[in-house]
Amino acid sequence: MMTTKTQTIQSQAELYLMGNYGKRDLALVRGEGIFVWDADGRRYIDCLSGLGVNNLGHCHPRVVEAVKRQVETLIHVSNLYLIEPQVELARLLVEHSPADRVFFCNSGTEAVEAALKCARKYSYCTYGPGRHRILALKNSFHGRTMGALSATGQAKYHEGFQPLIPDVGHVTRGDFAALRDAVDETVCAVILEPVQGEGGVYPCDEAYLRQVRALCDERDIVLIFDEVQCGLGRTGHLFAGDEFGVRPDLICLAKGLAGGVPIGAMLAVEPVAATLTAGSHAATFGGNPLSCAAGVAAFSVTVEENLPQRSKALGAKFRAALDTLRVQFPCIQEVRGRGLMVGVEMDFPVAEILPSLREAGYLCGQAGPQVLRFLPPLIIEEAVLFEVLGRLEAILAKREN
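Residues numbered from 1 in each chain as written. Predicted model: local features only at pLDDT ≥ 70, side-chain atom pairs only at ≥ 80, totals over all residues. Heavy atoms only, no water.

*Asks:* What am I meant to see in the pairing of strand 1 (residues 28–32) here?
*Replies:* Relative to strand 2 (residues 35–38), strand 1 is paired through four bridges, and the arrangement is antiparallel. In the sheet register, G31 faces strand 2, and the bridge partner there is V36. Between the antiparallel neighbours strand 1 and strand 2 lie two residues, among them G33 with a positive phi of about 60°. (Pairing = 2+ DSSP bridges. Helix = DSSP H or I, 4+ residues; strand = E, 2+ residues; numbered from the N terminus.)

What follows is the structure, given as structure tokens:
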């Protein structure tokens, strides 16, 4: 049998790459809009957006043009110098958020690390040592570096990496009494995802977020929203906290910020921001000209084309249709999410149906063993999204027969 190009790439990967991503048998080599193509020329509709990165689809023309222009002009100079695209992206973020200042890094986990450090520094500068404990939520996911991993409330990610960073506690999402009881004079920060992504697409409700905000105000505790996956229009609002008018002190961003180019950002309000003084934190590649030029283009498109509102309206229709499908198929336990961040909980491992969806030309994902996850580009057409729904219906019908 003839070896395909995909098989050749796969065999080379197995020889040279570490095995931390497991076995992969699909090599994507090109993307345009909502579509990607594999090494053998097969086209797929990307319903996962590179894990929530490609909010504008693949190779958006304005992002491509910005990157081309910047790569021909200046790629890297370090933060010893002012970087014009960095300042422009910071201005856009501040003008469209509750934040006063921005720190740029390279990824979501770096943004979380910066937020944890900033919160501890604020508390140290304000109250002195001893007020350094961080509270996070069970079932959360904040990243893979040691601080972010310690805040992550899922034991499966911790295995083999203990001991973790000390003085991090976890309480159940939505249980305000548990959070209130966990707060003492040692707590400096609360970190949460307004919509838990990797944990199974679980949104926090309005009452809970408002209670958390009030508690943090009362005790002068820094409130951190990890919006790495749920921010930048994904949930139907530019920032997830905007839905309920709840404003955090720090916001962590990454995935959708630069149209596919690696970037991370921590947005901060004063006076918390003021405590990261010269030399207290840094990132060599953070806010480099290339990523920030892409970020300016991507963020501008998101705002100008009102993609958050589009995500809100289309996501509501999609979830309503999935709820209708749930009546037809008892194997669907629950439909959850906000905007175009949707989780469908099944009573079976979704790994059983992901290959069938892929074979039909749709790339979807999972958020835990039994949750089918949809993170389509915010530009996806309604008709295309409902094609995916139709394919899922056919697969579930075949499975039940």
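*Asks:* Mind showing me how you'd approach unusual backbone geometry here?
*Replies:* In most cases, non-glycine residues show a negative phi, while peptide bonds are predominantly trans. For the bond from Q162 to P163, the omega torsion is 5°, close enough to zero to count as cis. Within the secondary structure layout, P163 lies in the loop between helix 7 (155–158) and strand 6 (168–171). In this structure, the amide linkage connecting E270 to the following residue, P271, adopts the cis form with an omega of 5°. Its place among the elements puts P271 in the loop between strand 12 (264–268) and helix 10 (289–304). Phi is positive for S49, close to 55°, though the residue is something other than glycine. Within the secondary structure layout, S49 lies in helix 2 (residues 49–52).

*Asks:* Sorry, what's going on with the packing of helix 4 (residues 84–95) against helix 10 here?
*Replies:* How two helices pack is summed up by the angle between their axes together with the distance between the axes. Orientation of helix 4 relative to helix 10, taken along the N-to-C sense of each, is 35°, at an axis distance of 8 Å. Judged by the sense of rotation from one axis to the other, the crossing of helix 4 with helix 10 is left-handed. Residues P85, Q86, E88, L89, L92 and L93 of helix 4 touch helix 10, and the partners they reach there are P289, C292, A293, G295, V296, F299 and S300. In terms of residue class, the contact of helix 4 with helix 10 is built from nine nonpolar, three polar and one charged. (Axes fitted to C-alpha atoms, helices over the stretch in contact; angles between N-to-C directions. Left-handed = near helix turned anticlockwise from the far one by under 90°. Contact = heavy atoms within 4.5 Å. Nonpolar A, V, L, I, M, F, W, Y, C, P; charged D, E, K, R; others polar.)

*Asks:* Teacher, can you tell me more about the sheet that holds strand 11 (residues 250–253) here?
*Replies:* One key point about sheets: their strands pair by backbone hydrogen bonds, in either a parallel or an antiparallel sense. With mixed pairing, the seven strands of this open sheet are ordered in space as 4-12-11-10-7-5-6. Edge positions in the open sheet fall to strand 4 (101–105) and strand 6, since each of these has one partner strand only. Between one strand and the next, the sheet's axes are offset by a mean angle of 20°, whatever the strand orientation. Pairing between strand 5 (residues 133–137) and strand 6: four bridges, direction parallel. Of the residues in strand 6, the one forming a bridge with L137 is V171.

*Asks:* Before we go on, may I ask you to explain the packing of helix 3 (residues 61–71) against helix 10 in this structure?
*Replies:* Contact geometry for helix 3 and helix 10: axes closest at 8 Å, N-to-C directions at 155°. The pairing of helix 3 with helix 10 is recorded here as roughly antiparallel in orientation. Classified by chirality, the crossing of helix 10 by helix 3 is right-handed. Note on element contacts: helix 10 touches helix 3 through P289, L290, A293, A294, A297, A298, S300, V301 and E304, opposite R62, V63, A66, V67, Q70 and V71. (Parallel < 35°, antiparallel > 145°, perpendicular 65-115°, else oblique.)

*Asks:* Just checking my understanding: could you explain the sheet that holds strand 14 (residues 341–346) for this structure?
*Replies:* Read from one edge to the other, the open sheet built from four strands follows the order 13-14-17-16, with strand pairing classed as antiparallel. Each having just a single partner strand, strand 13 (332–338) and strand 16 (365–366) make up the two edges of the open sheet. Sheet analysis places strand 13 next to strand 14, joined by six bridges and oriented antiparallel. Across the sheet, residue R336 finds its bridge partner in strand 14, namely G343. On top of the sheet, helix 11 (residues 307–328) reaches strand 13, strand 14 and strand 17 (371–374); it is set at about 175° to strand 13, its chief contact.

*Asks:* What should I look at first to understand the nonpolar core in this one?
*Replies:* Soluble globular proteins tend to bury their nonpolar side chains together. Of all hydrophobic cores here, the largest spans 61 residues; its most connected members are I332, M346, C364, L372, F374 and L392. Contact partners of F374, with chain neighbours within four places excluded, come to C47, F318, L340, M341, V342, V344, C364, V388 and L392. Formed by 28 residues, the second largest nonpolar core is a distinct cluster that contains A115, I224, L250 and A283. (Core = buried A, V, L, I, M, F, W, Y, C linked by side-chain atoms within 4.5 Å. Buried < 20%, exposed > 50% of the residue type's maximum accessible area, 1.4 Å probe, protein only.)

*Asks:* Would you mind showing me how to read the environment of T302 here?
*Replies:* The topology assignment puts T302 in helix 10. For T302, a relative accessible area of 6% puts it in the buried group. Through-space distance from the C-alpha of T302 to that of L257 is 9.5 Å; in sequence the pair is 45 residues apart. A polar contact of 2.9 Å, which involves the side chain of T302, links it to the backbone oxygen of A298. (Polar contact = N/O pair within 3.5 Å; in protein donor to acceptor, adjacent residues only side chain to side chain.)

*Asks:* How should I be thinking about the packing of aromatic side chains in this particular structure?
*Replies:* Per the stated rule, a full pass over the model turns up four aromatic pairs. Following the ring pairs from residue to residue traces out a cluster consisting of F318, F374 and F386. Positioned above the aromatic ring of Y127, the side-chain terminus of R131 is 4.2 Å from the ring centre. (Phe/Tyr/Trp six-rings, centres within 6.5 Å; stacked < 30°, edge-to-face > 60°. Lys NZ or Arg CZ within 6 Å of the ring centre and 35° of its normal.)

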